[in-house]
Amino acid sequence: MIEAAENLQTLCPWFWPLAVFIFGACVGSFLNVCVYRIPAGKSIVRPGSACACGKPIAWYDNIPILSWFLLRGKARCCKAPFSIRYPLIEALTGCVFTAVFLLYPFPQAAPLWLFLALLIVGAFIDLDTMELPDIITVGGTVIGVILAFAIPQLHAQTYDAPWLFNSLRSGAIAILGAIVGSGVIVWIREIGHLVFRREAMGLGDVVLMGCIGAFCGWQGALFAIFGGSVFGAALMIPWVLFSRLRARQKDTPPADTAIPFGPWLALGAAVYILGARAGVDTYFANIQSLLFP
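Residues numbered from 1 in each chain as written. Predicted model: local features only at pLDDT ≥ 70, side-chain atom pairs only at ≥ 80, totals over all residues. Heavy atoms only, no water.

## Examining the packing of aromatic side chains
Scanning the model with the defined rule gives 12 aromatic pairs in all. Taking the centre distance of 6.2 Å and the plane angle of 65° together, the rings of Trp 14 and Phe 15 count as edge-to-face. Taking the relative accessible area as the measure of exposure, Trp 14 reaches 53% and is therefore exposed. With 4.7 Å between their ring centres and 20° between their planes, Phe 115 and Phe 215 make a pair best called stacked. Of this pair, Phe 115 sits in helix 5 (residues 106-129) while Phe 215 sits in helix 8 (residues 203-249); the two residues are 100 residues apart in sequence, bridging distant segments of the chain. Both residues of the pair, Phe 115 and Phe 215, count as buried. Taken together, the ring pairs connect Phe 23, Phe 97, Phe 106 and Trp 113 into an aromatic cluster. (Phe/Tyr/Trp six-rings, centres within 6.5 Å; stacked < 30°, edge-to-face > 60°. Buried < 20%, exposed > 50% of the residue type's maximum accessible area, 1.4 Å probe, protein only. Helix = DSSP H or I, 4+ residues; strand = E, 2+ residues; numbered from the N terminus.)

Now the structure itself:
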């Protein structure tokens, strides 16, 4: 079967990336359900998808990405508009799944797909509610550690040694990553509280960093913190300044500019997984060699 898949990849190099993209888009459709139902305390399994008017959505109106465009962003039953965010999340999930497929071998790709799916759900829930649910943060940390033990390739532990040896090393990397990620963000949170006399970030961000560290190791956790801060500052500072300037021109109170940090941590972790991993790991390895020759 593996040989047949390799032959298909040779004959049609576009087939498997396309198949993974479609798979990712379907997963993205499920992630849309999670983003909506988890904060509301609803089951993510039952009932099936339904329109805002209460009528069930037919399968041919629930095709990832395509249905939104075929229906022109309006429900077939009541013509109520629905957000373009639905196909965007589906397309985003398809793209990141395809990128992981192209960058990593399968044993390592599978847990990374799950990790990125957790990040997408957590980021959009945080944007909507300013909260990160425990099922994503605590659950993601526990799952990350378990998968590190079960799939040592997650942390590139592929030494020519018994599986148990690689498993223990991978699990230790995940646990260390969770501790370092959460620990650093706790210190940043406390320092921010002392300096600004207000809560700089929530406890959900702390536990999210445990999840990121479990899947990415301590190097990826540190990159997610500082890289996410840079990405967030580069994009949000101009927006906040523009909002305040606009409010001043209209002589109105400035809008609430509270910014969730979870999406930026997720973005930093995704950048690490999808492009920065080799460079970041090499950078920290060089620092370690200088400190501990």
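There is more to say after this.
## Some details on the pattern of salt bridges
According to the stated counting rule, one finds 1 salt bridge in the structure shown. For Asp 128, the salt bridge goes to Arg 85, with nearest N and O atoms at 2.8 Å. Here Asp 128, found in helix 5, pairs with Arg 85, found in helix 4 (residues 85-103); they are 43 residues apart in sequence, far enough to count as distant. Since its relative accessible area comes to 28%, Arg 85 is described here as partly exposed. (Salt bridge = Lys/Arg side-chain N within 4 Å of Asp/Glu carboxyl O.)

## Notes on the packing of helix 5 against helix 9 (residues 262-291)
Contact geometry of helix 5 with helix 9 gives a least axis separation of 8 Å together with a crossing angle of 155°. Classed by the angle they form, the pair helix 5 and helix 9 counts as roughly antiparallel. The chirality of how helix 5 crosses helix 9 is left-handed. Contacts between helix 5 and helix 9 pair Gln 108, Leu 112, Phe 115, Leu 116, Leu 119, Ala 123, Asp 126 and Leu 127 from the former with Gly 262, Pro 263, Ala 266, Ala 269, Ala 270, Ile 273, Leu 274 and Arg 277 from the latter. (Axes fitted to C-alpha atoms, helices over the stretch in contact; angles between N-to-C directions. Parallel < 35°, antiparallel > 145°, perpendicular 65-115°, else oblique. Left-handed = near helix turned anticlockwise from the far one by under 90°. Contact = heavy atoms within 4.5 Å.)

## A short note on helix 5
With 24 residues, helix 5 extends 35 Å between its outermost C-alpha atoms, agreeing within 8% with the 34 Å of an ideal straight helix rising 1.5 Å per residue. Burial of helix 5 is extensive: 17 of the 24 residues sit out of reach of the surface. Following helix 5 by one or two positions, Met 130 adopts a phi angle in the positive range, close to 60°. (Expected span 1.5 Å × (residues − 1).)

## Structural notes on the nonpolar core
Judged by nonpolar contacts, the single largest core of 57 residues is most densely connected at Phe 115, Ile 212 and Ile 273. Residue assignment for this core shows that the elements contributing at least two residues are helix 2 (15-40), helix 4, helix 5, helix 6 (134-150), helix 7 (163-196), helix 8 and helix 9. Sort the elements by how many residues they give to this core and helix 8 lands first, with 14 residues. Among residues more than four places away in sequence, those in contact with Phe 115 are Cys 211, Ile 212, Phe 215, Cys 216, Ala 269 and Ile 273. (Core = buried A, V, L, I, M, F, W, Y, C linked by side-chain atoms within 4.5 Å.)

## Topic: the side chain of Ser 67
With respect to the helices and strands, the residue Ser 67 is situated in helix 3 (residues 66-70). Sequence-distant contacts of Ser 67, defined by excluding residues within four places in its chain, comprise Tyr 60, Asp 61 and Asn 62.

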